[in-house]
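Now for the letters of each chain:
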Amino acid sequence: MASVPKDAVDLRSDTVTRPTEAMRDAMRRAPVGDDVYGDDPTVNALQERVAALLGFEAALFVPSGTQSNLIALLCHCQRGDEYLVGQQAHTYRYEAGGAAVLGSIQPQPIEQGADGRMSLDRITAEIKPDDPHFARTRLLALENTWHGRPLPLDYLDEACLLVRSRGLRRHLDGARLFNAAVATGESPARICKYFDSVSVCFSKGLGAPVGSVLCGDHELIEQARRWRKILGGGWRQAGVLAAACHHALDQHVGRLADDHARAERLGVGLAERGISASQHTNMVFVDIDAALSPRLTSAFRDANVLASVPASGSLRLVTHLDIDDAGIERVLSAFDSAMAAVD
Ligand SMILES: *Cc1c(COP(=O)(O)O)cnc(C)c1O
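Please read all numbers here as calculations on a predicted model, not as lab measurements.

(A) View of the overall build of the protein chain. Counting its secondary structure elements, the protein chain contains 14 helices and 12 strands. A globule of 343 residues ought to have a C-alpha radius of gyration of about 20 Å, and the protein chain, at 21 Å, matches this closely. In terms of its C-alpha atoms, the protein chain occupies a principal-axis envelope of roughly 60 × 50 × 40 Å. Here the protein chain holds 343 residues, and 52% of them are scored as buried. Long-range pairs, those at least 24 residues apart, make up 74% of the contacts in the protein chain with a sequence separation of at least 6. Put simply, the protein chain shows about 15,100 Å² of open surface, and 49% of that area lies on carbon and sulfur atoms. Of the charged side chains in the protein chain, 36 are positive and 44 negative, and the gap between their average positions amounts to 4 Å.

In structure tokens form, the structure reads like this:
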């Protein structure tokens, strides 16, 4: 694999951000201890801070969003239980089936609308009766933001209260929860109000090199600590990483609005060129046809723009900390070159 050229405009994902100098300074200064012993003061402070921010009793710092979601599922569900989840949800589709592989937990995927919502009727219909023919329906898992869209608060509340009334637990894959909070003006705690657990990523738009935090009550987080150890995620002087997350909370939350504004500028620029695209928070999805695809691939290569251009279908472009205004203009120019080549 080749490394990324220094001046690339890398729109593949918001995971590609590299720690800023200030973040690296914060990491270097961090007091640390052995986190398996619970001794790392920077990790402990991060866990307390994120729990308070999201309105939970406790939290656990873990290496990745995938591990965080998996641990949550393992805490909520026993062998032979099932969880209701979106057909396209990250937890179901992009985490290598971990809950089934390691927890004998059966997913019940449910069709989603274009806005990411599963209808409340479909959710209700998939809650199985107490009958030995069926897996025990234990949990509803939602994802916010959904392909950049913040889910409406009404929907989150209604879905959670519906399944709560049926005795189910609720998990939120909030990989980009802070994008949702900044875009809607709702506090993270309000968005998380009816969930039993929430996972947030620091390695995406918040710009930390590594790390996610799982929030829940004391009992869930105690169990989660055991599962993290089983999964090989018991780490030691992780305070150097937690320091990056503290720095991200201090410096990189409010500025997510800049990423959203740049994505909007990109979406508007594409619309001005007659290119069909939709934009929410820091993501732009562009419709690519078979004629444009090879032209755009070479225009991006010439302009040193990185993106995963499909042969046809939807191209996702993601803005983040390392994309500035000039970068957006370079991307739009590359579209101009590609379209000139098509005409
Ligand atoms: C990135 C992501 C994850 C997983 O995070 P990793 O740290 O890459 O394992 C989970 N859910 C969603 C919605 C994500 O975008």
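And the narrative resumes.
(B) Structural context of the pattern of salt bridges. Counted according to the given criterion, the structure contains 19 salt bridges. Where Lys-128 meets Glu-82, a salt bridge forms, and the shortest distance between an N and an O atom there is 2.7 Å. Of the two residues, Lys-128 sits in the loop between α6 (120-126) and β5 (136-143) while Glu-82 sits in strand β3 (residues 81-86), which places them 46 residues apart along the sequence. In this pair, the class of Lys-128 matches that of Glu-82, namely buried. Here Arg-170 makes a salt bridge to Asp-196, at a shortest N to O gap of 3.4 Å.

(C) View of the pairing of strand β2 (residues 58-62). Within β2, five of the five residues are buried, which leaves it mostly tucked inside the rest of the structure. Burial of the side chains of β2 extends over both faces: Ala-58, Leu-60 and Val-62 are buried on one face and Ala-59 and Phe-61 on the other. Note that β2 and strand β8 (residues 212-216) share five bridges and pair antiparallel. The residue bridging Ala-59 from the neighbouring strand is Cys-215, located in β8.

(D) Highlighting the packing of aromatic side chains. By the definition in use, this model includes two aromatic pairs. Between the aromatic rings of Phe-61 and Trp-235, the centroid separation amounts to 4.7 Å while the plane-to-plane angle is 40°, which identifies the pairing as tilted. Taken together, the residues span a long stretch of sequence, with Phe-61 in strand β2 and Trp-235 in the loop between α10 (218-230) and α11 (239-251) at a distance of 174 residues. Take Phe-61: its relative accessible area is 0%, and that puts it in the buried class. On the basis of an interplanar angle of 85° and a centroid distance of 5.6 Å, the ring pair of Phe-300 and Phe-335 is categorised as edge-to-face.

(E) Region of interest: the environment of Ala-26. Tracing the sequence through the fold places Ala-26 in helix α1 (residues 21-29). Using a relative accessible area of 14% as the deciding quantity, one classes Ala-26 as buried. Residues within four places of Ala-26 in sequence aside, it is in contact with Ala-243 and His-247.

(F) The site of the ligand, seen in detail. Neighbouring the ligand are the residues Ser-64, Gly-65, Thr-66, Asn-69, His-90, Glu-95, Glu-143, Asp-173, Ala-175, Arg-176, Cys-201 and Lys-204. Between the ligand and Arg-176 there is a distance of 3.0 Å, counted from an oxygen atom to a side-chain nitrogen or oxygen. When the ligand is considered free in solution it has 380 Å² of accessible area, and contact with the protein chains removes 81% of it. Taken together, the residues of the shell around the ligand sort by class into two nonpolar, five polar and five charged.

(G) Quick look at the packing of helix α2 (residues 41-54) against α11. α11 packs onto α2 with a crossing angle of 35° between their chain directions and a minimal axis gap of 8 Å. The element α2 and its partner α11 pack so that their crossing is left-handed. Listed contacts from α11 to Thr-42, Val-43, Ala-45, Leu-46, Arg-49, Val-50 and Leu-53 of α2 are Gly-239, Ala-242, Ala-243, Cys-245, His-246, Leu-249 and Asp-250. Looking at the contact of α2 with α11 residue by residue, the classes come out as nine nonpolar, three polar and two charged.

(H) Expanded view of the sheet that holds strand β12 (residues 313-318). Read across the open sheet, the three strands follow the order β9-β10-β12; overall the sheet is antiparallel. The open sheet has two edge strands with one neighbour each: β9 (277-280) and β12. Sheet twist, expressed as the average angle between the axes of neighbouring strands with direction ignored, equals 20°. Alignment of strand β10 (residues 283-288) against β12, held across six bridges, turns out to be antiparallel. Within β12, the position partnered with Phe-285 by the bridge is Arg-316. Here helix α12 (residues 256-272) sits on the sheet and contacts β9, β10 and β12; the angle it forms with β10, its principal contact strand, is near 20°.

(I) Quick peek at the environment of Cys-192. With respect to the helices, strands and loops of the structure, Cys-192 is situated in the loop between α9 (188-191) and β7 (197-201). Sequence spacing of Cys-192 and Gly-55 is 137 residues, and the spatial spacing of their C-alpha atoms is 7.4 Å. Among residues more than four places away in sequence, those in contact with Cys-192 are Leu-54, Phe-56, Leu-177 and Val-198.

Calculation criteria
- Residues numbered from 1 in each chain as written.
- Predicted model: local features only at pLDDT ≥ 70, side-chain atom pairs only at ≥ 80, totals over all residues.
- Heavy atoms only, no water.
- Helix = DSSP H or I, 4+ residues; strand = E, 2+ residues; numbered from the N terminus.
- Rg over C-alpha atoms; globule rule 2.2 N^0.38 Å.
- Buried < 20%, exposed > 50% of the residue type's maximum accessible area, 1.4 Å probe, protein only.
- Contact = heavy atoms within 4.5 Å.
- Areas by Shrake-Rupley, 256 points an atom, 1.4 Å probe, with all protein chains shown as cover.
- Lys, Arg positive; Asp, Glu negative; His and termini not counted.
- Charge placed at Lys NZ, Arg CZ, Asp CG, Glu CD.
- Salt bridge = Lys/Arg side-chain N within 4 Å of Asp/Glu carboxyl O.
- Pairing = 2+ DSSP bridges.
- Phe/Tyr/Trp six-rings, centres within 6.5 Å; stacked < 30°, edge-to-face > 60°.
- Near = heavy atom within 4 Å.
- Polar contact = N/O pair within 3.5 Å; in protein donor to acceptor, adjacent residues only side chain to side chain.
- Nonpolar A, V, L, I, M, F, W, Y, C, P; charged D, E, K, R; others polar.
- Axes fitted to C-alpha atoms, helices over the stretch in contact; angles between N-to-C directions.
- Left-handed = near helix turned anticlockwise from the far one by under 90°.

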